[in-house]
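Observations on the model geometry
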Amino acid sequence: GLGSGLSGIKFQSGAALHVEDCMINGFTQFGIQVVPGANASFTVTRTGLFNNASGGIQVRPTAGATTGVIDRVIADKNGAGFALDGNGGGGNNTIIRDSIVSNNTGAGISLSTGGTAIGATVTRTAVLANATGISASANSFVRVGQLEITGNTAATSGTVSSFGTNEMIGNGGSETLSLLAPALQ
């Protein structure tokens, strides 16, 4: 990194990406970019993403459908923590679990799309001291359970659906989640 490289890892083609036990620090764009042009999958596990100007992980496929798992990942002091983006033209569905998203200047977890539906399920994750904890644009679907959401300038933006098992306190702005029915299944 050293503030001079674009992205630590940029996955543009292939069937799958697997990142494990890495420390990715100080890039001018993203720590990891997942931008395939066809159906693909990815897994990032036991990895730290720090001080990356645009964000820790960006998932923005240009075609096809991308599925992924972000597991036991720390995204701290980046632009965004985890940025899931449907504006490239491809759909994505990501599971985020057992992770820490903190001190990011943008959203801790962001879903943005212009038309292609995208989704995320987030469980057992701490979302702390970001500009916005979780941000969801229209046509994105976020389901959360067993999250700790605290100390963010705003807890959420857009519709974030809850399994009813979250702890949310000490955020600025609204601390509202939409309860999934039936909750606690």
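So, here's what we can say about the structure. These numbers were taken from a predicted model, which means no experiment stands behind them. (Residues numbered from 1 in each chain as written. Predicted model: local features only at pLDDT ≥ 70, side-chain atom pairs only at ≥ 80, totals over all residues. Heavy atoms only, no water.)

Turning to the overall build of the protein, a few remarks are in order. Regarding its fold elements, the protein presents zero helices and 20 strands. In summary, the protein has a C-alpha radius of gyration of 15 Å against a globular reference of 16 Å for 185 residues, a match within 12%. Taking the principal axes of the C-alpha coordinates as reference, the protein spans close to 40 × 35 × 25 Å. Buried residues in the protein amount to 48% of all 185 residues. Contacts in the protein between residues far apart in sequence, at least 24 positions, make up 62% of those at least 6 positions apart. Total accessible area computed for the protein in this model is approximately 7,700 Å², and 53% of it derives from carbon and sulfur atoms. Counting 8 positive and 9 negative side-chain charges, the protein places the averaged centre of each group 7 Å from the other. (Helix = DSSP H or I, 4+ residues; strand = E, 2+ residues; numbered from the N terminus. Rg over C-alpha atoms; globule rule 2.2 N^0.38 Å. Buried < 20%, exposed > 50% of the residue type's maximum accessible area, 1.4 Å probe, protein only. Contact = heavy atoms within 4.5 Å. Areas by Shrake-Rupley, 256 points an atom, 1.4 Å probe, with all protein chains shown as cover. Lys, Arg positive; Asp, Glu negative; His and termini not counted. Charge placed at Lys NZ, Arg CZ, Asp CG, Glu CD.)

The strand order across the open sheet built from seven strands is S1-S4-S6-S8-S11-S14-S17, with neighbouring strands paired in parallel fashion. Of all strands in the sheet, those bounded by a partner on one side alone are strand S1 (9-11) and strand S17 (154-157). When the angles between neighbouring strand axes are averaged without regard to direction, this sheet yields 5 degrees. Examined bridge by bridge, S1 and strand S4 (residues 30-34) share three bridges and lie parallel to one another. (Pairing = 2+ DSSP bridges. Axes fitted to C-alpha atoms, helices over the stretch in contact; angles between N-to-C directions.)

Pairing of strand S2 (residues 16-20) with strand S5 (residues 40-50), which is carried by five bridges, proceeds in the parallel orientation. Residue pairing in the sheet places His 18 in a bridge with Thr 43 of S5. Two elements, S5 and strand S7 (residues 65-76), share 10 bridges in a ladder whose sense is parallel. Considered in S7, the bridge of Val 44 is made with Ile 70.

Our focus in this paragraph is the pairing of strand S6 (residues 55-59). Burial analysis of S6 places five of its five residues in the buried class, the great majority of the element. Relative to S6, S4 runs parallel, the two sharing four bridges. Each bridged residue has a counterpart across the sheet, and for Phe 30 the counterpart in S6 is Gly 55. Taken together, the four bridges between S6 and strand S8 (residues 80-85) define a ladder with parallel strand orientation. Bridge pairing in S8 links Ile 57 to Phe 82.

Glancing now at the pattern of salt bridges. Enumeration over the complete set of coordinates arrives at six salt bridges. A salt bridge links Arg 60 to Asp 85, with the nearest nitrogen and oxygen atoms 2.9 Å apart. A residue pair is termed long-range when its members are at least 10 positions apart, and Arg 60 in the loop between S6 and S7 and Asp 85 in strand S8 qualify at 25 residues. Three or more residues are tied together by salt bridges with common partners; here these are Glu 20, Asp 21 and Arg 46. (Salt bridge = Lys/Arg side-chain N within 4 Å of Asp/Glu carboxyl O.)

Another aspect to go through is the nonpolar core. In this structure, Ile 32, Ile 57, Phe 82, Ile 109 and Ile 134 are the most contacted members of the largest nonpolar core, which totals 35 residues. Ranked by residues supplied to this core, first place goes to S5 with four residues. (Core = buried A, V, L, I, M, F, W, Y, C linked by side-chain atoms within 4.5 Å.)

Positive phi is not limited to glycine here, since Lys 77 has a value of about 60 degrees. If you trace the backbone, Lys 77 turns up in the loop between S7 and S8. A positive phi angle, close to 55 degrees, is found at Asn 103, a residue other than glycine. A relative accessible area of 37% places Asn 103 in the partly exposed class.

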